[in-house]
Amino acid sequence: MMAAAEGWRRRLGREARASLAAFLLGASVAALPAALGSPAAAMGSPGLRGRMAIALHGAGVNAALLLLYPRPLYKVAVRACFLGFAFGCGLLLSAGRSAWRHFGWYMCSLSLFHYSEYLVTAINNPRSLSLDSFLLNHSFEYNLAALSSWVEFTLEKILFPELKQITWLSTVGLLMVIFGDCLRKAAMLTAGSNFNHIVQNEKSDTHTLVTSGVYGWFRHPSYVGWFYWSIGTQVLLCNPICVVGYALASWRFFRERIEEEEITLIHFFGEEYLEYKRKVPSGLPFIKGVKVEL
C-alpha cells in the first residue's frame, strides 16, 4: 500500500498535487451545511447567513493558498481552487429544489471538465503542462459561447420557467456530458504522452501513432467526446437556442481542426496513417477528414 502511494506521488508532480489539494479545498464549500447545521437543500437557496458563510469560505481558502504556496504554484492552486469551489457550489445547488438545480448539475460538469483536463495532462504529459492546460482561456469564442448559455438559461428561466423543469431532458443532457467527458479522458489516457492540447508541427522522437483502445473506435475520440459533451451541457440546461448554436459551432470547429491535424499526421506517419484513416471513421457526423488525392 505504501509503495503504491509513493508511486502515485512520484507520478503526480508538485503542480498536480498542489492542484488536487486546492480543488478539494475549494470543493469543501459543499460541507458548509454540515458545519452550519443546515440541510444541504437549504444551501441551494441560501439566505444572508448562507451567503456570508460561502463568501467567508472563499476568502479563507484563498488566504490559505497564499500562505501555503509560492507564487508559481499559487497560480496553479488558485485556478484549481476556483474550479473546486464552483464544483462545490454546484453540488449545493443540485441538492436544492429550486429552478437552479439543473444549473448546479451544469456547474459540476463544467468545473470537473476543466480541472480534469489539467490533472490528466499532469499525469500523461507533464512536459506540456502549463496554466493553459486548464483550458480556461481556450478562446474568445469559447468564453462567449459559455456566457451566451448562461444568459439564455437566465432569460428563459424568467420568461418560461416551466422550460427549465424538464428533468428527463436534463438527465439526458447529463448522460451526454458524462459520456463525452469519459470518452475524452479515456482518449487522453490511451494516447499518453502523444496527446497534446496544441496541434504539433514537429514530430518528437517519442511520438507514435496510437490506434488501440478508443482509437480503434474513432480516429479522433477526444474531439468526439468534447463534441457531445458541449452539446450535452446545453441539453442539460434545456437551452434550445444554444443546443443548435453549440452543435453547429462545434461541428465547424472540429471539422477544421481535424483537417489541420490530419495534414500533420500524414506528414508524420505517411502510409501508416492513411491505412488507419481508411479503416477507422473520424467519429463525428459528416466529417471524413482531410481529402487525399492519389
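Residues numbered from 1 in each chain as written. Predicted model: local features only at pLDDT ≥ 70, side-chain atom pairs only at ≥ 80, totals over all residues. Heavy atoms only, no water.

Engineer: Explanation requested: the overall build of the protein in the structure shown.
Structural biologist: Summing up its helical and strand segments, the protein has 12 helices and zero strands in all. When the helices and strands of the protein are read in sequence order from the N terminus, they spell out α-α-α-α-α-α-α-α-α-α-α-α. A globule of 294 residues ought to have a C-alpha radius of gyration of about 19 Å, and the protein, at 21 Å, matches this closely. Dimensions of the protein, computed from C-alpha atoms along their principal axes, come out at roughly 70 × 50 × 35 Å. For the protein, buried positions account for 45% of its 294 residues. Restricting the contact set of the protein to residue pairs at least 6 apart, pairs at least 24 apart contribute 76%. (Helix = DSSP H or I, 4+ residues; strand = E, 2+ residues; numbered from the N terminus. Rg over C-alpha atoms; globule rule 2.2 N^0.38 Å. Buried < 20%, exposed > 50% of the residue type's maximum accessible area, 1.4 Å probe, protein only. Contact = heavy atoms within 4.5 Å.)

Engineer: Mind showing me how you'd approach the UniProt feature "transmembrane region" (unreviewed entry) in the protein here?
Structural biologist: The feature "transmembrane region" (unreviewed entry), as annotated in UniProt, sits at residues 53-69, 76-97 and 226-249 in this numbering. Structurally, residues 226-249 is divided into 88% helix and 0% strand, and its ends, taken at the C-alpha atoms, are 12 Å apart. (UniProt positions renumbered as here; feature names shortened; annotations may be inferred.)

Engineer: Explain the environment of Ala187 to me, please; I cannot follow it from the model alone.
Structural biologist: As for its position among the elements, Ala187 is in helix α9 (residues 167-191). Residue classification places Ala187 among the buried residues on the basis of a relative accessible area of 0%. The spacing of Ala187 and Gly213 is 26 residues in sequence and 8.1 Å in space, taken between C-alpha atoms.

Engineer: When you look at the packing of aromatic side chains in this model, what are you seeing that I'm missing?
Structural biologist: Within a pair of aromatic rings, the relevant descriptors are the distance that separates the centres and the angle that separates the planes. For the structure on display, the rule yields 16 aromatic pairs. For the pair Trp100 and Phe103, a centre-to-centre distance of 5.6 Å together with 85° between the ring planes defines the contact as edge-to-face. For Trp100, a relative accessible area of 29% corresponds to the partly exposed category. You can call Phe103 buried: its relative accessible area is 13%. For the ring pair Phe113 and Trp226, a centre distance of 5.6 Å and an interplane angle of 50° mean the geometry is tilted. With a gap of 113 residues between them, Phe113 in helix α7 (residues 101-124) and Trp226 in helix α10 (residues 221-236) connect regions that are remote in the sequence. (Phe/Tyr/Trp six-rings, centres within 6.5 Å; stacked < 30°, edge-to-face > 60°.)

Engineer: What is the right way to read the nonpolar core from this model?
Structural biologist: Buried together is how nonpolar side chains tend to be arranged in soluble globular proteins. Counting residues in hydrophobic clusters, the biggest one holds 38 residues, and the most contacted among them are Tyr215, Trp226, Trp229 and Leu284. If you tally residues by element for this core, the top one is α10, at eight residues. Leaving out residues up to four positions away in the same chain, Leu284 has contacts with Tyr223, Val224, Phe227, Phe254 and Ile258. Counting residues in hydrophobic clusters, the runner-up holds 25 residues, among them Ala27, Leu65, Cys81 and Tyr115. (Core = buried A, V, L, I, M, F, W, Y, C linked by side-chain atoms within 4.5 Å.)

Engineer: Just checking my understanding: could you explain the pattern of salt bridges for this structure?
Structural biologist: Any two side chains of opposite charge can pair if their charged atoms end up close together. Tallied over the entire structure, the rule returns nine salt bridges. The shortest N-O distance in the salt bridge between Arg184 and Glu117 comes to 2.7 Å. Taken as a pair, Arg184 in helix α9 and Glu117 in helix α7 lie far apart in primary sequence, 67 residues in all. Pair check on accessibility: Arg184 and Glu117 agree, each one buried. One salt-bridge network, held together by shared partners, links Glu117, Asp181, Arg184 and Lys185. (Salt bridge = Lys/Arg side-chain N within 4 Å of Asp/Glu carboxyl O.)

Engineer: Quick question: what am I supposed to make of the packing of α7 against helix α8 (residues 140-159) here?
Structural biologist: Axis angle and axis distance: for two packed helices, these are the angle between their axes and the distance between the axes, and together they describe the pair. Remark: α7 packs on α8, axes separated minimally by 12 Å, with the N-to-C direction vectors making an angle of 170°. With respect to α8, the axis of α7 lies roughly antiparallel. Counted together, Phe103, Tyr106, Leu110, Phe113 and His114 of α7 and Tyr142, Ser149, Trp150 and Phe153 of α8 form the full contact between these two elements. Classifying every residue of the contact of α7 with α8 gives seven nonpolar, two polar and no charged. (Axes fitted to C-alpha atoms, helices over the stretch in contact; angles between N-to-C directions. Parallel < 35°, antiparallel > 145°, perpendicular 65-115°, else oblique. Nonpolar A, V, L, I, M, F, W, Y, C, P; charged D, E, K, R; others polar.)

Engineer: Can you help me understand the packing of helix α11 (residues 240-269) against helix α12 (residues 271-279) in this one?
Structural biologist: In the contact formed by α11 and α12, the axes pass within 6 Å of each other and the chain directions differ by 130°. Considering the angle they form, α11 stands oblique to α12. Contacts between α11 and α12 involve Glu262, Leu265, Ile266 and Phe269 from the first element and Glu271, Glu272, Tyr273, Leu274 and Lys277 from the second. The residue inventory of the contact of α11 with α12, partitioned by class, reads five nonpolar, no polar and four charged.

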